[in-house]
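In case you want the letters, here they are:
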Amino acid sequence: MEISLNRVDYLQVGVTSQKTMRLLPALGRKATQKVAVADHDGVVTCFGMKKGEAVPVFKTLPGQKITRLDLGGALGTPQEKIFVCAGSEVKGYTKKGKQFLSFEANLTESINAMHVSGADLFVCASYIYNHYCDCKDQDYYLSGDKINDIVCLSAENLGRVVPVLACQDRVLRVLQGSELLYDIEVPGPPSVLELYNRDGGTNGEDILYGTVDGKLGLIRITDSSSSSKWEIDNDKKKGGVLCIDTFDILGDGVKDILVGRDDGTMEVYAIDSSDELSLRFEHVLSESVNSIQGGCVGKESYDEVLTATYTGWVTGLTTEPQQAEAGPGEEVKMSRETQNKVAALRAELDQLQMKVLQGREKYQQTSQSSTAISAMPVFNVNDKFTLCQDDASYSLTLEVQTAIDNLLLQSDVPIDLLDIDKNSAVVSFSECDSEKLNGNFLLAMYRCQANTTRLELKVRFIEGQYGTLQAYITPRLQPKTCQVHQYLIKPLSLHQRTHTIDQDSKGEGHFKSDNISTISILKDVLSKEATKRKNNLNISYDINDDSVGHTLKMIHPKLEYQLLLAKKVQLIDALKDLQVHEGNTDSAYLLEEYKKQPAHLERLYGMVTDLFIDKFKFKGQNVKTKLRLLLT
C-alpha cells in the first residue's frame, strides 16, 4: 500500500532537545490531538489546531533549558499529564497548564533522560541513574559509560518495572532495583529507546532502539536473557537515529515504525507478518528531527506524522489531500480558510519586516555613541563527532540555529579531509609549517552558502598520532562572533572498545592485538603519559612473529584493490575515447570510487611500513634507514 503525505508547518518554538515533543491523548476516536513541546528557553507550549490555525492551550514562562518531555498519569488512565526536566528539577503540568509538581532530584549534573510510569519517576544524568516512587528515593545505579536514554518495560503488562539504559559503549543495560541484571550488546552506540507499539508489544517485552550511526533494531527482553528480533543496517549512510515512534499511518491495521534522523530524514517503515521491514515513505527536512509522533493534529479523521526539529519547527506530514496546483492557463481557487491564512501570514511578515527595520535603525544610532556596548549574540550549536567503521573515518556534524557564515578547522596532528556529497561549502587551505606554527598541521576554511544551517564533514587520522581538532564556527550574525568546539583525537582513534573486560586485573592491564603496531602505540602512549605524571609503570610484552604475516594477509586485498583502482584511473582518458566509439564504460564509477579514497593507498603503505618498523623495534633494532629498500 502506497502512501502520500503532505507537509504542513504549524509553528516554531525555541531550539529543542531530543524527545521534547509529545501528542496528548485524543478525546474521541477521530478527534484532533493537542501538542506539547518544550524548548531550550525553558518554555512548555501546548497547542491545538482550529480552522487551520495553531491555537495555544497554555504557555509557561521562560526558565532553565528543558532537555526531556514525557507524558504520565495513573496506570490504567489516559497519560495526559506533562512532565519536563530542566537542570536537576522535574516539573509536572496538567493538560490545561496548571503546575502540580516541582521536584528537585539533587543531582550534581543536569538530567538528560527521563521516563515516567504511574507514580514512578526514572531520571538519568550522564552516568547516574535514579529511581523515585512518589518523589521518594528508591534505586540508584552508576553506569560504566554515558547514558543516552532510558525506557522502562510496562508495569501494567509485567506487574513490575524493568528499567533499560542505552549507554554509549554500545550496550543496553537491564536493571533490577539498583543492580545490573544483564547487558545487551548492540551494533552501535544506542541513542534512543522506545517501547514497541508504545506498550512493549504483545508480551510487553519488546524495545525499539536506534543508534548514533543510523542503525535500527528490535529486542525482546525477558527476566534472564534477550533476543534480537530484527536489525536494519545503515547501508545508505543516512544520519543517526534521534527519535522513534510506532503508529498505523498506512491505515492497514498494523503499527508502522516512524524514524527521525539527525540529517533531517523522516522515514516510515511497514512490518509484515514475518517481521520483515520495508521503507514505505521518506521525507528530508533541512535540520535534525529531534522528536517524532504519529497521531491526528491538523484536521479530524486525517492521521499524520508530527515532527519537531532542532530549531523548533513543529511540522506535520498529513494524509489530508492538499489543494491541486494550477496547470498551464488554469487558475485554482483558494478556499476562504486558505485565503485568510495567507492574508494573516502576509500581515505577520510585514510586521516582522517593520520590526527588523526599526531594530536596525536603533542599532545604527546606538552603535555610534561613545558609551554604547556591543552585546555578544548567543547561539546554540548541535555537534556530533562519531567513528564510521566502514571506511575508517570520522564524521563531524555541526548544526546551528541560524545560518553558518564560515567554519575554520585547525588540527595539531596530520589529518585528511574527505569529500562528501552532502557538503556544498567551498573549502580553502592555508599552508602550515608544523614546526614554526606551534604544531599546526591543518588550517582549512569552509565558506557556506546562504541559509546553510547544517554542515557535515568527514576526516581521517593516522593512528598513533593524537591531539586535538578544533572547529571555529561563525554564524551570519551581527556583531560577528565565534564559538570554538574541541574534539579529542585519541591514539587508537580507529579502534572500538571491547565488552569483555577482566574485572580481577586491578592495577594492571592486559592488551592483545593481531597487529604489532597497535601494541607499539599502546606502549609508547602509556610510557609517555606515565612519565608525564611521574608514575612508575612496568611494561612487558610477548610478540608472536606469525602475527605480522597474518596482518599483512588482511592488508593485502585492500592494497591490491587500491593499486588496481589507481592504475584504472590513470587510463580514464583512454576509457573516455573508448566510450565515444563503443558506448558506455565504467569511467564515471571509477572516478567516483577514487574520489572517495584520497590518500588511501598512501595510508596502506604507511600501515605496512609501521608494521616493519614496529616488528624490529620490539627486538631493539632501528630499521628506519631501510624503509627506502622496503618501498622499492
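Residues numbered from 1 in each chain as written. Predicted model: local features only at pLDDT ≥ 70, side-chain atom pairs only at ≥ 80, totals over all residues. Heavy atoms only, no water.

- Per an unreviewed UniProt entry, the protein chain is named Bardet-Biedl syndrome 7, and its organism is Coregonus suidteri.

**Side note on the overall build of the protein chain**
Here is step 1: Tallying secondary structure elements over the protein chain gives eight helices and 37 strands in all.
Here is step 2: Against the globule reference of 26 Å for 632 residues, the protein chain gives a C-alpha radius of gyration of 28 Å, in line with a compact fold.
Here is step 3: The principal-axis extents of the C-alpha atoms in the protein chain amount to approximately 80 × 70 × 65 Å.
Here is step 4: Scored against the burial criterion, the 632 residues of the protein chain give a buried share of 45%.
Here is step 5: Pairs at least 24 residues apart make up 53% of the contacts formed inside the protein chain by residues separated by at least 6 positions.
Here is step 6: Total accessible area on the protein chain stands at roughly 34700 Å², and carbon and sulfur atoms take up 49% of it.
Here is step 7: Seen as two clouds, the 71 positive and the 86 negative side-chain charges of the protein chain have centres 4 Å apart. (Helix = DSSP H or I, 4+ residues; strand = E, 2+ residues; numbered from the N terminus. Rg over C-alpha atoms; globule rule 2.2 N^0.38 Å. Buried < 20%, exposed > 50% of the residue type's maximum accessible area, 1.4 Å probe, protein only. Contact = heavy atoms within 4.5 Å. Areas by Shrake-Rupley, 256 points an atom, 1.4 Å probe, with all protein chains shown as cover. Lys, Arg positive; Asp, Glu negative; His and termini not counted. Charge placed at Lys NZ, Arg CZ, Asp CG, Glu CD.)

**Digging into the sheet that holds strand S3 (residues 35-38)**
Here is step 1: Sheet architecture is open: four strands sit in the order S2-S3-S4-S5, paired in antiparallel fashion. Looking at strand neighbours, the two that pair on one side only are strand S2 (21-23) and strand S5 (53-59), the edges of this open sheet. Along the sheet, successive strands turn relative to each other by an average axial angle of 25 degrees, direction set aside.
Here is step 2: Bridge count for S2 against S3 is three bridges, and the pairing is antiparallel. Across the sheet, the residue bridging to Met-21 is Val-37, located in S3. (Pairing = 2+ DSSP bridges. Axes fitted to C-alpha atoms, helices over the stretch in contact; angles between N-to-C directions.)

**Some details on the nonpolar core**
Note on soluble globular proteins: their nonpolar side chains tend to be buried together.
Here is step 1: In this structure, Leu-398, Leu-407, Leu-409, Tyr-446 and Leu-455 are the most contacted members of the largest nonpolar core, which totals 27 residues.
Here is step 2: Listing elements by their share of this core, those giving two or more residues are strand S29 (381-388), strand S30 (393-400), strand S31 (404-411), strand S32 (415-418), strand S34 (442-447), strand S35 (454-461), strand S36 (467-475) and strand S37 (483-489).
Here is step 3: Here Leu-407 is in contact with Leu-398, Ala-444, Met-445, Tyr-446, Leu-455, Leu-457, Ala-471, Tyr-472 and Ile-473, once residues within four sequence places are set aside. (Core = buried A, V, L, I, M, F, W, Y, C linked by side-chain atoms within 4.5 Å.)

**Remarks on the packing of aromatic side chains**
Geometrically, a pair of aromatic rings is defined through the distance of the ring centres and the angle of the planes.
Here is step 1: Under the criterion given, the structure shown has ten aromatic pairs.
Here is step 2: Measuring from ring centre to ring centre gives 4.9 Å for Phe-103 and Tyr-132, while their planes differ by 75 degrees; the resulting arrangement is edge-to-face. In this pair, Phe-103 is assigned in strand S9 (residues 99-104) and Tyr-132 in strand S12 (residues 128-133), connecting sequence segments 29 residues apart. The residues Phe-103 and Tyr-132 share a single accessibility class, namely buried.
Here is step 3: Among the aromatic side chains, those forming a connected cluster through ring pairs are Phe-385, Tyr-394, Phe-461 and Tyr-487.
Here is step 4: Positioned above the aromatic ring of Phe-100 is the side chain of Lys-81, whose terminal nitrogen or guanidinium carbon lies 5.5 Å from the ring centre. (Phe/Tyr/Trp six-rings, centres within 6.5 Å; stacked < 30°, edge-to-face > 60°. Lys NZ or Arg CZ within 6 Å of the ring centre and 35° of its normal.)

**Focus on a nonpolar patch on the surface**
Here is step 1: A cluster of nonpolar residues, Phe-511, Leu-526, Leu-537, Ile-539 and Tyr-541, forms a patch on the protein surface that exposes about 450 Å² of accessible area.
Here is step 2: Locating Ile-539 in the fold gives a position in the loop between helix H3 (516-532) and helix H4 (546-570).
Here is step 3: Residue classification places Ile-539 among the partly exposed residues on the basis of a relative accessible area of 38%. (Patch = residues over 30% accessible without salt bridge, like charges linked within 9 Å, V, L, I, M, F, W, Y side chains within 5 Å. Salt bridge = Lys/Arg side-chain N within 4 Å of Asp/Glu carboxyl O.)

**Some thoughts on the sheet that holds strand S14 (residues 147-153)**
Here is step 1: Taken in spatial order, the four strands of this open sheet run S14-S15-S16-S17, and their pairing is antiparallel. Whereas interior strands pair on both sides, the edge strands pair on one side only; in this sheet they are S14 and strand S17 (179-185). Taken pair by pair, the neighbouring strands of this sheet meet at an average axis angle of 25 degrees, ignoring direction.
Here is step 2: Pairing between S14 and strand S15 (residues 162-167): six bridges, direction antiparallel. When the sheet's bridge partners are listed, Ile-147 is paired in S15 with Cys-167.

**Overview of the side chain of Asp-245**
Here is step 1: With respect to the element layout, Asp-245 can be found in strand S22 (residues 241-247).
Here is step 2: Judged by its relative accessible area of 5%, Asp-245 falls in the buried class.
Here is step 3: Among the polar contacts listed, one links the side chain of Asp-245 to the side chain of Arg-198, at a separation of 2.6 Å.
Here is step 4: Contacts of Asp-245, omitting those with residues within four sequence positions, involve Arg-198, Asp-256, Ile-257, Leu-258, Ile-292, Gln-293 and Gly-294. (Polar contact = N/O pair within 3.5 Å; in protein donor to acceptor, adjacent residues only side chain to side chain.)

**Brief notes about the environment of Leu-408**
Here is step 1: Assignment of secondary structure puts Leu-408 in strand S31.
Here is step 2: On the accessibility criterion, Leu-408 (25% relative accessible area) is partly exposed.
Here is step 3: The contacts of Leu-408, once residues within four sequence positions are left out, are Ala-444, Met-445, Gln-470, Ala-471 and Tyr-472.

**Considerations on the packing of H4 against helix H7 (residues 600-617)**
Here is step 1: Across the interface, H4 lies against H7 with an axial gap of 9 Å and an inter-helix angle of 155 degrees. Judged by the inter-axis angle, H4 sits roughly antiparallel to H7. Helix-helix and strand crossings are classified by hand; for H4 and H7 the assignment is left-handed. Facing Val-548, Thr-551, Leu-552, Ile-555, Lys-558, Leu-559, Gln-562, Leu-563 and Ala-566 of H4, the residues of H7 in contact are His-600, Leu-601, Leu-604, Tyr-605, Met-607, Val-608, Leu-611 and Lys-615. (Parallel < 35°, antiparallel > 145°, perpendicular 65-115°, else oblique. Left-handed = near helix turned anticlockwise from the far one by under 90°.)

**Regarding unusual backbone geometry**
Apart from glycine, the bulk of residues carry a negative phi angle, and the bulk of peptide bonds sit in the trans form.
Here is step 1: For Asn-106, which is not glycine, the phi torsion reads 55 degrees and is therefore positive.
Here is step 2: Turning to its location among the elements, Asn-106 is positioned in the loop between S9 and strand S10 (113-117).
Here is step 3: In this structure, Arg-170 takes a positive phi of about 65 degrees despite not being glycine.
Here is step 4: Relative to the helices and strands, Arg-170 resides in the loop between S15 and strand S16 (171-176).
Here is step 5: For Arg-170, a relative accessible area of 10% translates into the label buried.

**A closer look at H4**
Here is step 1: The end-to-end C-alpha distance of H4 is 36 Å, a good match for the 36 Å that 25 residues give at a rise of 1.5 Å each.
Here is step 2: In H4, a bend of some 35 degrees at Ile-555 exceeds every other bend along the element, and Pro-557, a proline, comes one to four places later. (Expected span 1.5 Å × (residues − 1). Bend = angle between axes of the 7 residues up to and from the residue.)

**Re the pattern of salt bridges**
If the charged atoms of two oppositely charged side chains come close together, the side chains can form a pair.
Here is step 1: Counted according to the given criterion, the structure contains 28 salt bridges.
Here is step 2: In this structure, Lys-95 and Glu-80 form a salt bridge, with 3.7 Å as the shortest nitrogen-oxygen distance. Placement of Lys-95 in the loop between strand S8 (89-93) and S9 and of Glu-80 in the loop between strand S6 (66-72) and strand S7 (81-86) is noted, with a sequence separation of 15 residues between them.
Here is step 3: Exposure remark for Glu-80: the relative accessible area of 26% places this residue in the partly exposed category.
Here is step 4: Each of Lys-19, Arg-68, Asp-149 and Glu-194 takes part in one network of salt bridges that share partners.

**Considering H3**
Here is step 1: Given a rise of 1.5 Å per residue, 17 residues ought to cover 24 Å, and the 24 Å separating the end C-alpha atoms of H3 matches this to within 8%.
Here is step 2: When we look at burial in H3, the residues that qualify are Ile-516, Ser-517, Thr-518, Ile-519, Ser-520, Ile-521, Leu-522, Val-525, Glu-529 and Ala-530.
Here is step 3: Where H3 begins, the capping side chain belongs to Asn-515, and its oxygen is found 3.0 Å from the backbone nitrogen of Ser-517.
Here is step 4: The positive-phi residue at the C-terminal boundary of H3 is Lys-534, with phi of around 60 degrees.

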